Amino acid sequence: MKDSQRRRVLVTGGAGFLGSHLCERLVADGADVLCVDNFYTGTKDNLRAVAAEPLFELLRHDITFPLYVEVDEIYNLACPASPVHYQFDPVQTTKTSVHGAINMLGLAKRVKAKIFQASTSEVYGDPTVHPQKENYWGHVNPVGARSCYDEGKRCAETLFFDYRRQHNLPVKVARIFNTYGPRMHPNDGRVVSNFIVQALQGKPISVYGKGRQTRSFCYVSDLMDGIVKLMASDDDFTGPVNLGNPHECTVLELAERIIELCGSRSQIVFEPLPSDDPARRCPDITLARAMLKWEPTVPLAEGLARTIEYFDQLLRNRGQLRNSAVSEARA
Ligand code: NAD
Ligand code: UDP
């Protein structure tokens, strides 16, 4: 393919968990990828597989400041995503969602680019409707510990749809539900990474509350397929569209599953439930099935096994694992 025919794609937050998988996927698909990241939670390590590719370029930049580049498509993923990370500097979290969206939408308008927004199931808050459909407006505390993220993402959605209405910008908004897989940050406090690291190290598994709250976990490769399909869909289809795995499980069931898959002797301990922790969360993906012909295909046990393998290797490389529970279980 001639360079002049190649799609030039900007991925913000490209050094993070999801962003790094997206950069890899887009380079593999033949796109010319510019990854922008301020390394707040992401790392260059996450990009090791694509760093040397001629089609890949990395720029250190904070999207709360304007950016002037020439691209055809923008994937806006920059924003800390785990409650521990986004609550560490909540003002910066809201700035990243809101100022970041304004800057990226302004860029898209100037260069006439199609723009994708990584929104979240958190826009539904602690939902009173179950499972959550896109037409549910949500149940969000505007002044709580999670609000910097929830309200920031809600405002970003508003901006995307106002740019669509006011400037006819091609926008694509996905509401992403809990996604897991290799390259999750080992210390970001998210449930899958926490439980796996604890189980591999033989430490107590920290279940918050009674563990009866539910989540629905999507493996990262399934999510990537959904994002790519959404971006390739007709311009009339803007979303918001739920992308997630509709298989719902309790946090306690997840803990038991991970202990078993790790062959771990860890015990479960119950710790206080964080404030505003949603009680139930499960996507209704009827819209994604109909419009994108998309649904997740990786079962939880398989995705967890791949993720456990990743963390086992990571901890071993860091000398944080004397005897690997996974390799012991396999032996
Ligand atoms: P992550 O923390 O691994 O990645 C976020 C990336 O954004 C990091 O590389 C970070 O350094 C970068 N970043 C943060 N602030 C920035 C700024 N101001 N300028 C430039 N870069 C900045 O999180 P993730 O899980 O990969 O999530 C990526 C996106 O997907 C986020 O927008 C998140 O809200 C959304 N999302 C993720 C999930 C999930 O389950 N992982 C669920 C819903 C939505
Ligand atoms: N959780 C838990 N133990 C942990 C980390 C999280 O019980 O060590 C629970 C948390 O209270 C929530 C669920 O797991 O109910 C998912 O948490 P996570 O931070 O992964 O994502 P959330 O969906 O809350 O944004």
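Above: the structure in question.
Residues numbered from 1 in each chain as written. Chains lettered and ligands numbered in written order. Predicted model: local features only at pLDDT ≥ 70, side-chain atom pairs only at ≥ 80, totals over all residues. Heavy atoms only, no water.

## A closer look at the site of ligand 1
Part 1 of the argument: Not every one of the 30 residues close to ligand 1 is listed here, only the nearest: Leu18, Asp37, Thr41, Tyr149 and Lys153.
Part 2 of the argument: Measuring from an oxygen atom of ligand 1, one finds a backbone N or O atom of Gly16 at 3.0 Å.
Part 3 of the argument: Here a nitrogen atom of ligand 1 sits 3.2 Å away from a polar atom, N or O, in the side chain of Asn38.
Part 4 of the argument: Sorting the residues of the shell around ligand 1 by element identifies α1 (17-28), α3 (90-111), β5 (114-120) and α4 (147-167) as the ones contributing at least two each.
Part 5 of the argument: Partitioned by chemical class, the residues of the shell around ligand 1 number 14 nonpolar, 12 polar and 4 charged. (Near = heavy atom within 4 Å. Polar contact = N/O pair within 3.5 Å; in protein donor to acceptor, adjacent residues only side chain to side chain. Helix = DSSP H or I, 4+ residues; strand = E, 2+ residues; numbered from the N terminus. Nonpolar A, V, L, I, M, F, W, Y, C, P; charged D, E, K, R; others polar.)

## Considering the packing of aromatic side chains
Two measures describe an aromatic ring pair: the distance that separates the ring centres and the angle between the ring planes.
Part 1 of the argument: Under the counting rule described, the total for this entry stands at 7 aromatic pairs.
Part 2 of the argument: Geometrically, the ring pair formed by Tyr124 and Tyr136 is stacked, given 6.0 Å between the ring centres and 20° between the ring planes. You can see Tyr124 sitting in the loop between β5 and α4 and its partner Tyr136 sitting in the loop between β5 and α4, a full 12 residues away along the chain. Just as Tyr124 is buried, Tyr136 falls in that class too.
Part 3 of the argument: When the ring of Tyr310 is compared with that of Phe311, the centres are 5.2 Å apart and the planes differ by 75°; the resulting orientation is edge-to-face.
Part 4 of the argument: Owing to a relative accessible area of 22%, Tyr310 belongs among the partly exposed residues under this scheme.
Part 5 of the argument: Phe311 sits in the buried class, given a relative accessible area of 0%. (Phe/Tyr/Trp six-rings, centres within 6.5 Å; stacked < 30°, edge-to-face > 60°. Buried < 20%, exposed > 50% of the residue type's maximum accessible area, 1.4 Å probe, protein only.)

## As for the pairing of strand β6 (residues 171-176)
Part 1 of the argument: Burial within β6 is extensive, with 6 of its 6 residues counted as buried.
Part 2 of the argument: In this fold, the crossover linking β5 to β6 by way of α4 has right-handed handedness.
Part 3 of the argument: Of the pairings in the sheet, the one linking β6 to strand β11 (residues 241-243) comprises 3 bridges and is parallel in character. When the bridges of β11 are listed, Arg175 appears paired with Asn242. (Right-handed = clockwise from strand over helix to strand, strands pointing away. Pairing = 2+ DSSP bridges.)

## Considerations on the sheet that holds strand β1 (residues 8-12)
Backbone hydrogen bonds are what pair the strands of a sheet, in a parallel or an antiparallel way.
Part 1 of the argument: Read across the open sheet, the 7 strands follow the order β3-β2-β1-β4-β5-β6-β11; overall the sheet is parallel. Edge positions in the open sheet fall to β3 (56-60) and β11, since each of these has one partner strand only. Taken pair by pair, the neighbouring strands of this sheet meet at an average axis angle of 20°, ignoring direction.
Part 2 of the argument: Along the sheet, α4 makes contact with β5 and β6, crossing β5 at roughly 155°. (Axes fitted to C-alpha atoms, helices over the stretch in contact; angles between N-to-C directions. Contact = heavy atoms within 4.5 Å.)

## Digging into the side chain of Thr250
Part 1 of the argument: Residue position: Thr250 is located in strand β12 (residues 248-250).
Part 2 of the argument: Judged by its relative accessible area of 18%, Thr250 is buried.
Part 3 of the argument: Within the structure, Thr250 has its side chain in polar contact with the backbone nitrogen of Glu253 (distance 3.0 Å).
Part 4 of the argument: Once residues within four sequence positions are removed from consideration, Thr250 is found in contact with Gly211, Arg212, Gln213 and Thr214.

## A short note on the site of ligand 2
Part 1 of the argument: What surrounds ligand 2 is a group of 18 residues, the closest being Ser206, Tyr208, Arg215, Asp277 and Arg281.
Part 2 of the argument: Between Asn194 and ligand 2, the recorded distance is 2.8 Å, taken from a side-chain N or O atom to an oxygen atom.
Part 3 of the argument: At 2.6 Å, a backbone N or O of Ser206 approaches a nitrogen atom of ligand 2.
Part 4 of the argument: In the complex, the protein chains occlude 95% of the 520 Å² of accessible area that ligand 2 would expose alone.
Part 5 of the argument: Elements with a minimum of two residues in the shell around ligand 2: α5 (191-200) and β8 (205-208).
Part 6 of the argument: For the shell around ligand 2, the residue count by class is 7 nonpolar, 5 polar and 6 charged. (Areas by Shrake-Rupley, 256 points an atom, 1.4 Å probe, with all protein chains shown as cover.)

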